[in-house]
Amino acid sequence: MNTSNQTTLRTLKNLKSPKGTILLGHIREFKKKNIHLTLEKWAKELGKLYTLKFGPSRLLVSADDQFNNQILKQRPENFRRLSTINEVFVEMGLHTVFNAEGEFWKKQRKVVNESLNVKRVRSYYPIIKERNQNLIHKISSYAEDNQPVEILNEFVAFTIDVTTEIAFGYKLNTINNQKDRFQDELELLFPKINERMSSAFPVWRYFPSKEDKMLVHSLNKIKEIVNGFIQEAKTTLENDTSLENNPTNFLQAMLIESKKEGSVFDDNVLYGNVVAMLLAGEDTTSNTLAWTLFYLSQEPLFIEKIREEAQNTYSSDVPENYEQVSSLNYAKAAVQEAIRMNPTTPILIFQANKDVTIDNLFIPKNKTIILQNSYTPKTEEYFSEPEKFDPNRWISSSCPYQNHSPKSIKAFGGGARLCPGMHLSVIEMTSVISGICKNFEVKLEGDPKDIKGNFAFTVSPENLKLTFKKNGS
Ligand code: HEM
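Cut-offs and rules
Residues numbered from 1 in each chain as written. Predicted model: local features only at pLDDT ≥ 70, side-chain atom pairs only at ≥ 80, totals over all residues. Helix = DSSP H or I, 4+ residues; strand = E, 2+ residues; numbered from the N terminus. Rg over C-alpha atoms; globule rule 2.2 N^0.38 Å. Contact = placed C-beta atoms within 7 Å. Pairing = 2+ DSSP bridges. Axes fitted to C-alpha atoms, helices over the stretch in contact; angles between N-to-C directions. Buried ≥ 20, exposed ≤ 12 C-beta atoms within 10 Å, placed from the backbone. Near = placed C-beta within 6 Å. Left-handed = near helix turned anticlockwise from the far one by under 90°. Nonpolar A, V, L, I, M, F, W, Y, C, P; charged D, E, K, R; others polar. Expected span 1.5 Å × (residues − 1). Parallel < 35°, antiparallel > 145°, perpendicular 65-115°, else oblique. pLDDT = per-residue confidence, 0-100.

## Regarding the overall build of the chain
Then comes step 1: Along the chain, the regular secondary structure elements total 15 helices and 11 strands.
Then comes step 2: A compact globule built from 473 residues would reach a C-alpha radius of gyration of about 23 Å, and the chain, at 23 Å, matches this within 12%.
Then comes step 3: Projected onto its principal axes, the C-alpha coordinates of the chain cover approximately 65 × 55 × 45 Å.
Then comes step 4: Of the contacts formed within the chain by residues at least 6 apart in sequence, a portion of 73% connects residues at least 24 apart.

Here it is as structure tokens:
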């Protein structure tokens with residue numbers, strides 16, 4: 001969209017708005033678990049730019065890919081994350097790269113980038129491999145019993161185990177149902193952050209529920225445990241100077257950086273970023289894995305292709321090393337296509353730092369903007385036959401379609417704040433999908449139409465149950 005030659009400045013009042021109630025506007029819609037789809041529906045009906053009312057205030061929704069690109073690229077200067085997100089995090093004592101802004105963010109981001117770059121992800125691969133192997137064993141036991149599996153729970157356990165070890169070297173064994181004190185405390189934190197970030201009013205500050213009180217207790221415990229790991233990592237680094245150039249986990253990488261001049265990494269920021277890694281790496285990756293298997297369960301022919309690719313690449317149950325995973329194009333294509341069809345992060349919510357004009361539309365300072373990113377990749381203009389799940393469109397040698405615009409996919413955000421865990425998660429997901437398809441046939445229980453997305457900051461597939469059968473049995 002390039003409208004630079006237009007002269008009449010548009011304001012939000014020039015944009016359409018869906019019908020809402022007089023007093024509350026559209027607030028109630030945001031309590032519903034299909035809000036991401038409602039936002040898509042409104043984009044179809046009203047155009048890619050429209051407004052919504054939240055009580056007395058009006059906010060902007062953009063499902064326009066090129067408009068959204070400009071907003072993403074104008075961070076951190078012109079746009080920031082919604083300030084409520086920072087308030088929720090800081091109230092919980094979490095000072096992290098996710099909720100930081102300006103210079104404070106830049107300094108944290110540099111370290112986070114380094115600890116999740118390609119070289120580091122390669123060195124983390126043995127952790128992913130071991131956990132993937134555990135996952136295959138677990139699914140094998142379900143397959144033997146011919147028992148339907150709530151697969152999302154298994155993927156959540158997998159990502160918790162992987163991310164905790166990568167974050168600070170702590171070996172959980174959630175996948176084998178081993179209860180752990182640390183995991184018990186984390187269990188309440190994830191849903192509470194989701195709930196508060198999407199809440200229109202901070203009711204917990206005035207009328208704390210029993211759960212809100214438990215959260216305070218959990219946060220104290222989490223801090224105590226993570227601080228223990230911070231002290232331990234400090235001692236390890238003092239005793240082994242070779243780690244200075246080759247930290248084995250995210251916490252060590254941050255500690256090394258914290259010694260440099262001008263560093264913002266005091267113990268509070270170290271703690272916050274360890275927890276942020278756990279938060280950012282869990283729901284997102286586990287939901288994407290679950291959506292991928294949901295679609296694949298309806299495409300047995302593509303599962304066979306992934307299996308053949310796996311058999312030609314590695315002899316064990318799961319990919320053995322990073323290089324093998326990097327060559328698994330069919331497994332990766334299935335993940336990419338699931339992300340296009342059903343991104344777990346379909347919306348991002350920002351705020352203007354100052355008055356900004358984009359494509360002739362005036363956006364006043366502090367205005368809230370919802371970037372609806374899942375709409376355009378499901379339109380014919382961007383991807384031919386967009387409603388069809390077809391991973392072949394991601395295999396360049398066999399892409400049968402004319403329209404194909406990978407850049408319109410914003411599941412990982414974009415610009416300077418593009419998700420730093422993208423590469424890690426793609427490696428995790430490709431490895432897992434390849435391992436599962438190599439070892440099992442996958443059957444969906446029930447009608448695909450009954451599997452609905454539940455929006456709670458990320459979108460998870462509700463009631464997804466799969467049955468696995470050992471391949472060849
Ligand atoms: C399928 C998996 C994932 C998805 C869909 C996803 C998606 C996202 C999105 C949409 C953002 C916001 C980007 C923006 O504002 O432009 C983000 C930020 C972030 N993600 Fe991910 N993510 C995933 C996995 C991970 C993993 C595995 C990690 C690390 C272990 C991670 C760490 C982060 C961090 C630290 C941020 C904050 C970056 C910043 O504000 O500068 N993510 N992610």
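## A short note on the sheet that holds strand β4 (residues 347-352)
Then comes step 1: One open sheet holds the 5 strands; their spatial order is β1-β2-β7-β4-β3, and the pairing between them is mixed. In this open sheet, the two edge strands, each paired with only one partner strand, are β1 (49-54) and β3 (79-81). Strand-to-strand, the axes of this sheet are offset by a mean angle of 35°, without reference to chain direction.

## Focus on the pairing of strand β9 (residues 453-456)
Then comes step 1: Side chains Gly453 and Phe455 of β9 all project onto a buried face; the interleaved residues Asn454 and Ala456 project onto a face where none is buried.
Then comes step 2: Pairing of β9 with strand β10 (residues 458-461), which is carried by 4 bridges, proceeds in the antiparallel orientation. Opposite alanine 456, over in β10, you have threonine 458 as the bridge partner.
Then comes step 3: The hairpin turn running from β9 into β10, its antiparallel successor, is 1 residue long, and phenylalanine 457 in that turn takes a positive phi close to 75°.

## As for the site of the ligand
Then comes step 1: By nearness alone, 27 residues border the ligand, and Gly281, Thr284, Gly413, Cys419 and Gly421 come closest of all.
Then comes step 2: Secondary structure elements with two or more residues in the shell around the ligand: α4 (102-115), α11 (267-296) and α15 (422-439).
Then comes step 3: Looking at the shell around the ligand element by element, the count peaks at 7 residues for α11.

## Considerations on the packing of α11 against α15
Then comes step 1: One way to put it is that α11 packs onto α15 with a least axis distance of 10 Å and a crossing angle of 35°. You can see that α11 and α15 cross each other, and the crossing is right-handed. Together, Gly281, Thr284, Thr285, Thr288, Leu289, Thr292 and Leu293 of α11 and Ser425, Glu428, Met429, Val432, Ile433 and Ile436 of α15 make up the contact between the two elements.
Then comes step 2: In terms of residue class, the contact of α11 with α15 is built from 6 nonpolar, 6 polar and 1 charged.

## What to know about helix α14 (residues 329-341)
Then comes step 1: Its 13 residues give α14 an end-to-end C-alpha distance of 18 Å, which sits within 8% of 18 Å, the value for a rise of 1.5 Å per residue.
Then comes step 2: With 12 of 13 residues buried, α14 is to be regarded as a mostly interior element.
Then comes step 3: Within α14, the full set of buried residues consists of Tyr330, Ala331, Lys332, Ala333, Ala334, Val335, Gln336, Glu337, Ala338, Ile339, Arg340 and Met341.
Then comes step 4: Buried-residue contacts for α14 involve α11, α12 (300-313) and α15.

## Considering the environment of isoleucine 306
Then comes step 1: Examined against the element boundaries, isoleucine 306 turns out to sit in helix α12.
Then comes step 2: Ignoring anything within four residues of it in the chain, the contact list for isoleucine 306 reads Tyr330, Ala331, Ala334, Ile433, Ser434 and Cys437.

## As for the packing of helix α7 (residues 181-197) against α11
Then comes step 1: Put simply, α7 and α11 touch, their axes get as near as 11 Å, and they point 75° apart. Considering their axes alone, α7 and α11 lie roughly perpendicular with respect to each other. Within the contact between the two elements, α7 uses Leu186, Phe190 and Ile193 and α11 uses Leu278, Leu279, Glu282 and Asp283.

## Some thoughts on the pairing of β4
Then comes step 1: The pairing of β3 with β4 spans 3 bridges and is classified as antiparallel. Bridging across to β4, arginine 81 finds its partner in phenylalanine 350.
Then comes step 2: Bridging between β4 and strand β7 (residues 368-372) involves 5 bridges; their strand directions are antiparallel. When the sheet's bridge partners are listed, leucine 348 is paired in β7 with leucine 371.

## Describing unusual backbone geometry
Then comes step 1: At the junction of arginine 75 and proline 76, the peptide bond is cis and its omega measures out at 5° in the coordinates.
Then comes step 2: With respect to the secondary-structure elements, proline 76 resides in the loop between α2 (65-73) and β3.
Then comes step 3: Although it is not a glycine, asparagine 366 adopts a positive phi angle of roughly 70°.
Then comes step 4: Within the element layout of this structure, asparagine 366 appears in the loop between β6 (361-363) and β7.
Then comes step 5: Using a count of 12 C-beta atoms within 10 Å as the deciding quantity, one classes asparagine 366 as exposed.

## Some remarks on α12
Then comes step 1: A rise of 1.5 Å per residue sets the reference length of α12, with its 14 residues, at 20 Å; its end C-alpha atoms lie 20 Å apart and thus fit the reference within 8%.
Then comes step 2: Every buried residue belonging to α12 is among Phe302, Ile303, Lys305, Ile306, Arg307, Glu309 and Ala310, and all of these are buried.

## Overview of the confidence of the model for the chain
Then comes step 1: Summing up the model confidence of the chain, the mean pLDDT is 92 and the portion of residues at 70 or higher is 97%.
Then comes step 2: Here residues 1-5 scores under 50 on pLDDT; set against residues more than four positions off or in separate chains, the count is 6 contacts.

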